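# Examination of the molecular architecture
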Amino acid sequence: MNAVLAGLDLVLRWDVLLTILVASAFGLVVGAIPGLTATMAIALLVPITFFMDPIPAVGAMISCSAMAIFAGDIPATLMRMPGTPASAAYSDECYAMTRKGEAEVALGANVLFSALGGLFGTAILIVSAPLLAEIALGFSSFEYFWLALMGLACAIFIGSGSPVKGLVSLFLGLFVAQIGIDNPAGVPRFTFGNSNLLGGVDFIPAMIGLFAMSEVIRTMAAGAPDWSVRQTSLGNPLKGWGRLIARYWPQQIRGNITGTAIGILPGAGADIAAWVSYAMSRKFSKTPEKFGTGHVEGIIESTSANNAALAGAWVPALVFGIPGDSITAIVIGVLYLKGLNPGPTLFLNNPESIYAVFIIFIIANLAMIPLGLAALKAGTALLRFPRRILIPLILLFCIVGAYAVNNSAYGVVLMLVFGVLGFLMEEHDIPIAPCVLGIVLGKMLEDSFVTSMIKADGNLLAFFERPIAGGLGVLTLLVFCLPLWGALKRWRGTGA
């Protein structure tokens, strides 16, 4: 109880609450502009968090990401252009409702069920994270090796439409993680005689480059075209909330559970949760023929899922230091910078900070309703913001953020290199998420493997001798083998 009160004391301060409010507004702006993802919003916030205390910095990340995921529904509904990938699954359904004159119903459902989904995911985070942390205190290098490997496997087979392209992206990330002298052997690797690379590749410039700078390059290559905004007059978004809850509560709960479960899987994220939930909604619906014609049922389930997945992704991030999605991958880097090293010891050494995170999640999702309703009114004007003005501002944020990491122009060079890399990857449909996880988990994977091999004197069977390690090992091998087995069966069927 003392830790809870201490957490409340950390959050209920004017500077923290003001930070949450400003970050929420920023997330709404970025999320409502097509092409500017929630991950990009977080990447752009990173340089600002350098000047914040730990709790305001984390509060800014949580509130910004929650609002950005919801705000992506605004252009999806009004223009059939999802603001974030998490809104893509049901953008056609939302736009079909707009064409029928029901935009206010679709947007009202997005606001309400996004907030409810976020609160459900937060409840699961509050309950499960401390329990998992107690278990994780008994983890050794064997368990952490399997956890890291499972995270990489999920990134390949769950977070990517093509496992081969996911594997290419993963190997790029693992290669980046090997650069420098910080390895078990203490030998410089892939530095090519450049002293700047001895310390490895700074994570923050790499993330800014992959997510924000790549979008700047893509927009510049396209000539910074503006969007053709369709005018629409919104009615009352609050209309029919009680009826929607009473009629579609099973879909909401199913979306909440599915989104949270997928969010906990490393590498999956809110966009995968939305697609899976929309497919489930259509499969189990009593009126599947209405889907695609402007049916709110699928919207409710999938918008509940993508916001629930946000909180779910924080479970492995806080307990094991393994990002659940690209957003928490960036947040983990910020937590390390602020001295809040993710892992089970965080629950012992800084319990008040953990409860502060939980409280911020609750505040951010409750604030989504009034702020979201206000954003709907300004949605059409926001979407007319010209790209030729927006892109230079984003570029300025990118340069400042990359430079501020070490007060060195080398960070800007890294950002540009990874910006070109991210642009080329997305131009060839190679997902970025596995690359990010490779960068984040590469060092953990190598260190835990080498440490375990030294403990076991080279005996590979030792990876399965401890009960938890053995269970994680079997589960990880299944994640690798089941998709390969399915592909082999399909190949044999085609050959027959």
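What comes next is a walk through the structure.

Calculation criteria
- Residues numbered from 1 in each chain as written.
- Predicted model: local features only at pLDDT ≥ 70, side-chain atom pairs only at ≥ 80, totals over all residues.
- Heavy atoms only, no water.
- 1 Å grid on protein atoms, 1.4 Å probe; cavity = no way out; pocket = protein on both sides within 12 Å on 5 of 7 lines; lining within 4 Å.
- Points joined across faces, edges and corners; volume = space filled by probe spheres on them.
- Helix = DSSP H or I, 4+ residues; strand = E, 2+ residues; numbered from the N terminus.
- Nonpolar A, V, L, I, M, F, W, Y, C, P; charged D, E, K, R; others polar.
- Salt bridge = Lys/Arg side-chain N within 4 Å of Asp/Glu carboxyl O.
- Buried < 20%, exposed > 50% of the residue type's maximum accessible area, 1.4 Å probe, protein only.
- Core = buried A, V, L, I, M, F, W, Y, C linked by side-chain atoms within 4.5 Å.
- Contact = heavy atoms within 4.5 Å.
- Expected span 1.5 Å × (residues − 1).
- Bend = angle between axes of the 7 residues up to and from the residue.

Time to look at the layout of surface pockets. As a volume, the second largest pocket reaches approximately 790 Å³. If you list the elements that add at least two residues to the lining of the second largest pocket, you get helix H9 (163-178), helix H10 (203-221), helix H14 (326-337) and helix H20 (433-455). Taken together, the residues of the lining of the second largest pocket sort by class into 15 nonpolar, five polar and four charged.

Inspection of every chain in the model, using the stated rule, returns seven salt bridges. Notably, a salt bridge pairs Arg218 with Glu427, separated by 4.0 Å at the nearest N-O pair. Of this pair, Arg218 sits in helix H10 while Glu427 is found in helix H19 (residues 409-427), placing the two residues 209 residues apart along the sequence. Lys443 is the salt-bridge partner of Asp447, the closest N and O atoms lying 2.6 Å from each other. Taken together, the residues Asp447 and Lys443, both in helix H20 and four residues apart, mark about one turn of the helix. The class of Asp447 is partly exposed, set by a relative accessible area of 23%. One continuous salt-bridge network, built from bridges that share partners, spans Arg218, Glu426 and Glu427.

The biggest cluster of nonpolar side chains holds 138 residues, and the ones touching the most others in it are Met207, Leu210, Trp314 and Leu318. Residue contacts for Trp314: discarding those within four places in its chain leaves Val58, Ile62, Leu125, Thr328, Val331, Val357 and Phe361.

This part is about helix H11 (residues 241-264). Along an α-helix, residues three or four positions apart point the same way, because every turn accommodates 3.6 residues. Its 24 residues give H11 an end-to-end C-alpha distance of only 29 Å, which falls more than 12% under 34 Å, the value for a rise of 1.5 Å per residue. In the structure, H11 departs most strongly from a straight axis at Tyr248, where the bend amounts to approximately 75° and where the proline Pro250 lies between one and four residues downstream. All of the buried residues in H11 are Trp241, Leu244, Tyr248, Gln251, Gln252, Gly255, Asn256, Thr258, Gly259, Thr260, Ile262 and Gly263.

Along the chain, Ala86 turns up in the loop between helix H5 (73-79) and helix H6 (91-99). Taking the relative accessible area as the measure of exposure, Ala86 reaches 3% and is therefore buried. Put simply, Ala86 and Asn306 are 220 residues apart on the chain and 6.3 Å apart in space, counted from C-alpha to C-alpha. Setting aside residues up to four positions removed in sequence, Ala86 forms contacts with Ile69, Ala270, Asp271, Ala274 and Asn306.

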